[in-house]
Amino acid sequence: MKNVHPLLVRITHWVNALAILVMVLSGWKIYNASPLFDFMFPDALTLGGWLAGALQWHFAAMWVLVLNGLIYLAYGLWSGHLWRRMFPISPAAIARDIFDALRGRLAHDDLSVYNAAQKAAYLAVIALAIGLVLSGLAIWKPVQLYALASLMGDYEGARLLHFFCMTGLVFIVLVHVAMVVLVPKTFLTMITGKLPKENPYG
Ligand code: HEM
């Protein structure tokens, strides 16, 4: 049977999904303690109980995300997985695949090959996660990491960047999970690594 997703990609994917969930929910609690905009996140969608608790969750998950992300990126670059799965990609192919997906005509028969819309979404979440970690570091240590913070418009700019990276990431992940619900065989494959057996004689 064809191995669609390497073991390391599967492990880092699920650890990453959990870390992102904890980071987003605890991040919303931290945001509520000093909102940037005229709204707050519902308490039921936050984690940590209170500001100090949420900060503890946020930092703990941050180390998991950073270490796990470095393992995924190092493996992806070293093994060629990232180049093979995410490239080639072009704006025209992304536009075509998004258009086809909206009309319900996007085929995803070979699960080892991502369509251009998927490639764009995965590259975007990787970039947004890197943006989140860097802007988070700038907010955490704005004095020690002055050079990094000043690239983002200092503390306030880094806070805004952190918020917008979170918004983009949450939006893409919601679409990502909706696509998995529409093509459920991809879910099992991301756990077992193998294609579900459709034809016992095949
Ligand atoms: C409960 C939440 C999630 C579910 C159910 C889920 C499910 C999946 C599935 C089934 C695939 C394989 C898609 C396919 O074969 O067509 C996949 C790939 C991927 N997912 Fe998720 N995912 C979740 C959360 C996330 C999160 C939070 C992120 C990042 C922030 C993420 C990033 C990715 C990436 C980058 C890939 C491509 C991995 C590679 O081949 O290197 N996912 N996901």
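Since the structure is predicted, the reported quantities are computational estimates derived from the model, not experimental observations. (Residues numbered from 1 in each chain as written. Predicted model: local features only at pLDDT ≥ 70, side-chain atom pairs only at ≥ 80, totals over all residues. Heavy atoms only, no water.)

Novice: Got a sec to walk through the pattern of salt bridges? Specific residues and values, please.
Specialist: Counted by the stated rule, this structure contains three salt bridges. For Asp-97, the salt bridge is made with Arg-96, and the minimal N-O distance between the two is 3.3 Å. Given a relative accessible area of 5%, Asp-97 falls into the buried group. The partly exposed category is assigned to Arg-96, whose relative accessible area is 49%. A salt bridge links Arg-103 to Asp-100, with the nearest nitrogen and oxygen atoms 3.1 Å apart. (Salt bridge = Lys/Arg side-chain N within 4 Å of Asp/Glu carboxyl O. Buried < 20%, exposed > 50% of the residue type's maximum accessible area, 1.4 Å probe, protein only.)

Novice: Account for the coordination of the iron atom of the ligand, with residues named and values stated.
Specialist: Angles at a metal have ideal values that depend on geometry: 109.5 degrees with four tetrahedral donors, 90 or 180 degrees with six octahedral donors. The iron atom of the ligand binds to the protein through His-13 (NE2) and His-176 (NE2); the donor distances cover 2.0 Å. Here the iron atom of the ligand binds six donor atoms, and the angle range of 83 to 180 degrees at the metal identifies the geometry as octahedral. Pair noted here: His-13 is in helix α1 (residues 7-33) and His-176 is in helix α7 (residues 154-182), with a separation of 163 residues, a long-range link. On the accessibility criterion, His-13 (23% relative accessible area) is partly exposed. (Donors = N, O, S within 2.8 Å, 3.2 Å for Na, K, Ca; no water. Tetrahedral: all angles 85-135°; square planar, octahedral: opposite > 155°, others 65-115°. Helix = DSSP H or I, 4+ residues; strand = E, 2+ residues; numbered from the N terminus.)

Novice: Describe the site of the ligand, and please don't skip the residues or the numbers.
Specialist: The full set close to the ligand counts 22 residues, and His-13, Tyr-72, His-108, Tyr-114 and His-176 are the nearest of them. Gln-118 places a side-chain nitrogen or oxygen 2.8 Å from an oxygen atom of the ligand. One of the side-chain N or O atoms of His-176 is found 2.7 Å from a nitrogen atom in the ligand. Of all elements in the fold, only α1, α3 (81-86), α5 (116-140), α7 and α8 (185-192) reach the threshold of two or more residues within the shell around the ligand. Top contributing element to the shell around the ligand by residue count: α1, with six residues. Considering only residue class, the shell around the ligand consists of 14 nonpolar, eight polar and no charged. (Near = heavy atom within 4 Å. Polar contact = N/O pair within 3.5 Å; in protein donor to acceptor, adjacent residues only side chain to side chain. Nonpolar A, V, L, I, M, F, W, Y, C, P; charged D, E, K, R; others polar.)

Novice: Could you give an account of the packing of α1 against helix α2 (residues 51-79), naming the residues involved and the relevant values?
Specialist: Following both chains from N to C, one finds α1 and α2 inclined at 150 degrees, their axes separated by 8 Å at the closest point. Put simply, α1 runs roughly antiparallel to α2. The crossing of α1 and α2 is left-handed. Class assignment of the residues belonging to the contact of α1 with α2 gives a composition of 20 nonpolar, six polar and one charged. (Axes fitted to C-alpha atoms, helices over the stretch in contact; angles between N-to-C directions. Parallel < 35°, antiparallel > 145°, perpendicular 65-115°, else oblique. Left-handed = near helix turned anticlockwise from the far one by under 90°.)

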